[in-house]
Each structure stands twice: as C-alpha cells, then as structure tokens.
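Descriptive analysis of the structure
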Amino acid sequence: MSSTRSDRAIALVDCNNFYVSCERVFRPDLRHKPVIVLSNNDGNVVARSNEAKKLGIKFGTPFHECRDLIAQYQIHVFSSNYALYGDLSHRVMETLSMFSPHMEIYSIDEAFLDISFVPASERFAYAQRIQQTVAQWTEIPVSVGIGSTKTLAKLANHWAKHSDNACGIFDLTNCGNCDEILKNTPVEEIWGIGHRYAELLKKHGVYNALAFCKLPDFWIRTHMTIMGLRTAWELRGIACLALEEVAPPRKGIVSSRSFGIPVESFEALREAIVSYTARAAAKLRRQRSAASFLGVFVATNPFAREPQYSNFISYRLPHPTASSFVLIRYATECFAQIYRKGFRYKKAGVMLSEIVDESATTCGLFESPREVLRHQRVFTTIDEINKRFGRQTIFYAAEGIEQPWQMQRKFLSPRYTTCWKEIPVVHAN
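The paragraphs below set out a description of the structure included in this document. Counting restarts for each chain, with residues numbered from 1 along the sequence as it is written. Note on the predicted model: pLDDT of at least 70 is required for a residue's local features to be given, and 80 or more for side-chain atom pairs to be given and counted; whole-chain, interface and lining totals, by contrast, use all residues. As a convention, hydrogens and water are excluded, and side-chain values are obtained from all of the structure's heavy atoms.

**Regarding the overall build of the chain**
Rules: Numbering of helices and strands runs from the N terminus; a helix is a DSSP stretch of H or I covering at least four residues, while a strand is a stretch of E covering at least two. Two residues form a contact once any of their heavy atoms are found within 4.5 Å. Areas reported as accessible are Shrake-Rupley estimates using a 1.4 Å probe. Residue values count occlusion only from the protein chains shown.
Check the secondary structure of the chain and you find 13 helices and 12 strands. Once the C-alpha set of the chain is aligned to its principal axes, its extents read approximately 65 × 60 × 50 Å. Contacts in the chain between residues at least 24 apart in sequence constitute 68% of all its contacts with a sequence separation of at least 6. Total accessible area computed for the chain in this model is approximately 22,900 Å², and 53% of it derives from carbon and sulfur atoms.

**Looking at helix α4 (residues 82-96)**
The line we're drawing: To estimate how far a helix should reach, multiply one less than its number of residues by 1.5 Å. Exposed residues in this analysis have more than 50% of their type's maximum accessible area, buried residues have under 20%, and partly exposed residues fall in between, with area computed by a 1.4 Å probe over protein chains only.
Compared with an ideal rise of 1.5 Å per residue, which puts 15 residues at 21 Å, α4 spans 21 Å between its outermost C-alpha atoms and is within 8% of the ideal. When we look at burial in α4, the residues that qualify are Leu84, Tyr85, Asp87, Leu88, Ser89, Val92, Met93, Thr95 and Leu96.

**Here we look at the nonpolar core**
Using the following cut-off: Note on terminology: a nonpolar core comprises buried Ala, Val, Leu, Ile, Met, Phe, Trp, Tyr and Cys residues joined through side-chain atoms within 4.5 Å.
Core analysis: the largest hydrophobic core is formed by 36 residues, its most contacted members being Leu96, Leu113, Ile115 and Ile130. Secondary-structure elements contributing two or more residues to this core are β1 (10-15), α1 (18-25), β2 (35-38), α4, β6 (110-114), α5 (123-138) and β7 (142-147). By residue number, the principal contributor to this core is α4, which donates six residues. Among all residues touching leucine 96, those that are not within four sequence positions of it are Val13, Met103, Ala111, Leu113, Ile130 and Val134. In this structure, Leu269, Ile273, Leu294 and Phe343 belong to the second largest nonpolar core, which totals 34 residues.

**Description of the layout of surface pockets**
Using the following cut-off: For cavity detection a 1 Å grid was placed over the protein atoms alone, and a set of points counts as a cavity when a 1.4 Å probe fits there but cannot get out; an open set counts as a pocket when protein lies on both sides within 12 Å along at least five of seven lines, with lining residues being those that have an atom within 4 Å of a point. Grid points are joined across faces, edges and corners, and a volume is the space filled by probe spheres set on the points. Polar here means any residue outside two lists: the nonpolar Ala, Val, Leu, Ile, Met, Phe, Trp, Tyr, Cys and Pro, and the charged Asp, Glu, Lys and Arg; Gly therefore counts as polar.
If you add up the space inside the second largest pocket, you get close to 1,100 Å³. As for the second largest pocket, its lining consists of 34 residues, and the residues nearest its centre are Asn16, Asn17, Asn50, Lys53 and Lys161. Contributing elements (two or more residues each) for the lining of the second largest pocket: β1, α1, β3 (45-48), α2 (50-54), β7 and α6 (150-162). In terms of residue count, the dominant contributor to the lining of the second largest pocket is α1 (six residues). Classifying every residue of the lining of the second largest pocket gives 13 nonpolar, 10 polar and 11 charged.

**A word on the sheet that holds strand β8 (residues 169-171)**
Test applied: Two strands make a pair as long as DSSP finds a minimum of two bridges between them. Axis lines are fitted through C-alpha atoms, for helices just across the contact stretch, and the angle between N-to-C directions can take any value from 0 to 180 degrees.
The five strands are arranged β5-β6-β1-β7-β8 in an open sheet whose pairing can be described as mixed. Every other strand in the sheet has two partners, leaving β5 (103-107) and β8 as the edge strands with one partner each. With direction set aside, neighbouring strand axes in the sheet form an average angle of 15 degrees. Bridge count for β7 against β8 is three bridges, and the pairing is parallel. Its bridge partner being in β8, isoleucine 146 is matched across the sheet by aspartate 171.

**Focus: the pairing of β1**
Within β1, six of the six residues are buried, leaving the element largely enclosed by the surrounding structure. Of the two faces of β1, both are covered, the one formed by Ile10, Leu12 and Asp14 as well as the one formed by Ala11, Val13 and Cys15.

**Some words on the sheet that holds strand β9 (residues 253-263)**
In any sheet, the strands associate via hydrogen bonds between backbone groups, in a parallel or an antiparallel arrangement. With antiparallel pairing, four strands are arranged side by side in an open sheet as β9-β12-β10-β11. On the outer flanks of this sheet lie β9 and β11 (310-321), each paired with one strand and no other. Strand-to-strand twist across the sheet, computed as the mean angle between neighbouring axes with direction ignored, equals 15 degrees. Set on the sheet, helix α11 (residues 266-286) makes contact with β9, β10 (289-300), β11 and β12 (345-357); between it and β9 the angle comes to about 155 degrees.

Here it is, written out as structure tokens:
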C-alpha cells in the first residue's frame, strides 16, 4: 500500500510536555528532574515531565493520591499558570510562522505547517532547523512529524515522540516502510478515532492503522460516518483536511471555573458571574463577533455530603451584542432568578451562543448610534490595555476586589513574561 506522496508535506510541530516545559524556561534547575502541573484548583495531574512519568504518575491522577510519591522522590509541583503558558505559546507560534507561509495553529502547543516547498531530501534537516530555532528562541523543546496529510503528520509526530531512534523528528514522506509503521500503530492512536470507534474496530478484528486502511470504504462510512472515511483516506495519503490558516469563529463561548472554596453569599457569587461574563465578552470582541443568546448556571459540589442544588437559565438578548455592559446586566438579572440561599456553591458559569458576525449588531430601541460607538471605543481601549499589561489590569468594580472565590493555586509560579512585578531579577556578581 502506498501510504504517502512525497510531493506534499505537512509538518506537525508539537511542544513536548508543554506546561512542564514552560515552567522549566525560567527554572533551568528543574531540567532532568521530575515535575508535574496540576489542573484547576490543584485537583489533578494534567502535565508530567518524562522523569515523573517514569516514576509512575499517570495523567489525570488526583493530586492527593500522588502525595507519597511526591515526597518520596522530591517531585516539583506547580499549579496551572495560564498567563505564562499562553504567552510562551504565542512566542512559539510566532517563531513557527517564519518556517512556512501556510500554517494552522491547532492548539496551544501544536501547529501544522505546509512545507511542500522543501525538497524531500532536505525535509529532515529543515525539521531540525525548526527544532533548534524554537529551542533557541523560546527554550521550548518540540517534536516534528512529517506526512503527506494532516492525519499522517499526526501519526508521524506520535512516532517522533515515542521512537527511541527518532530524536524528536519522524518523516513519513521519506519512509521506506510506511506499511510497517501503520501496522505498529494501534487504532486508538489514530487522530480522529475516539474510544468508542476504537472499541468498535477491535470487535471486528481491526487493531492497527494498516488494517483500518484496508477496510472497504462502504463499511467505514456505514459504521463510522463520512468523518471516519476521511480519516481512512488521509491515512492512505489522500488529503481530505485542509489547513485552517484562519481559525473559524467559535460558535459558542463558555466562561466557567470551579471555586477555590465553597461560595454561599449572593454577593460573592454575583462577583464571579460578572467576572466570567466580562471574560466571555472580551473573547467575543477578539473574534469580532456578537452573541444573541446568554445562559447562566450555578451548581453545588455533587461529591460533597451536603444539600445539593444546580440550575441553568437562558435568555434571548434583544439584539446581538458584544457589549460587556449589556451582557453583565442581563447575566446578573438571570443569576438573581436562579440563586437560592442556603447552599454551598462549587461552580458557576456563563455561556454565549447563537454567535454572529459583529456587523450584524444593531442599536437597541433606546440606544443612540453615538452611545454605541462610544461604548465600542471604551471596550477597545480596555481590551488593548489588558492585552498589553495583563488580564484584569482594568476590570469592572462589580467583579470584586478580593475575589475569595478564585481558583485555588497554592503552587503557582510567577507570571514571568506578562506581569511587571513578577519579572525575574538578575543580579550581577
């Protein structure tokens, strides 16, 4: 089976253990030492260094279950530092954009690059240049997988990470034994094959990518829809997924967090709702969109042995808007309708849906175009200041000052690159 075409080359560049790598940028003393990063409220392990993996710490393990291992092997622990990770991700992506005119940012730590312009014999060396440049400019290590389609590039990246001889680079377009690679790739490792489809395939005796490729198209489409068939074609070297160089606008935006401590008072919970709404509105404006529908929810901790309550309320806005003023007003009104006294709330959130382009926004019945324009200028200024000097440099008074409901992050590292007060200080000897 011919699984690749050498005239087309897509590179998937993936940052290694990204959250851990970010923590090590300003802590070089942690290199080659076990490090883990925790989820919101320091709940579960969401990132592990290779050293921590070898000690037996699994992804998703509750933090409290790791305490003995952490003490025994002196594992370094960090809370999720999203400001740091987001900024370093931006720097990595800016660096990668120099290596191809066509690039898709797939996630915070992954990007597809079209490198078809690079001769086949030079692609490995080109991938090495990408690796070395990103490491030199950002201190973030990356792996590079090259294939003739996005799915094959994903598969190649998997082998770049897990093959002892790959050195972080694997090129399927110059691989003489592609069938052997596919044969040694379990179906659950195929990009686009989830747990349910993997179990279905195994029930029919299909355990690897090569066997999946050889299934009849009719069978795949019948049992796995057109998306499954596209995955099979991609593995055969037939490109079905184009690079999305411009990220499509989100169809829905959710702003939500679990609280660091249970929240009971109406005022504290309202502060959280206002903060989440302001954050969602900023995301709307960032993609030049407006929302037509707003939803608010609150919930207690379902795992706690105490009275339980949860509720959700939605509201169709008078007209599509991205105005923080408007969204906060309606969100707080909705919240007041579902709040119930006497419960210890663990989580709350705001959802925006039926999102349209900002050009679809109109003035309200009692709003003047001049007032709307003035509000837009205010939001633009606030967004620019927060982008330049860090989130919540300017915020709404209704969000509260102390915010005791914020996430619990006992092991938070400094925001080295986005907060003036936390920039590292170098002392000359």
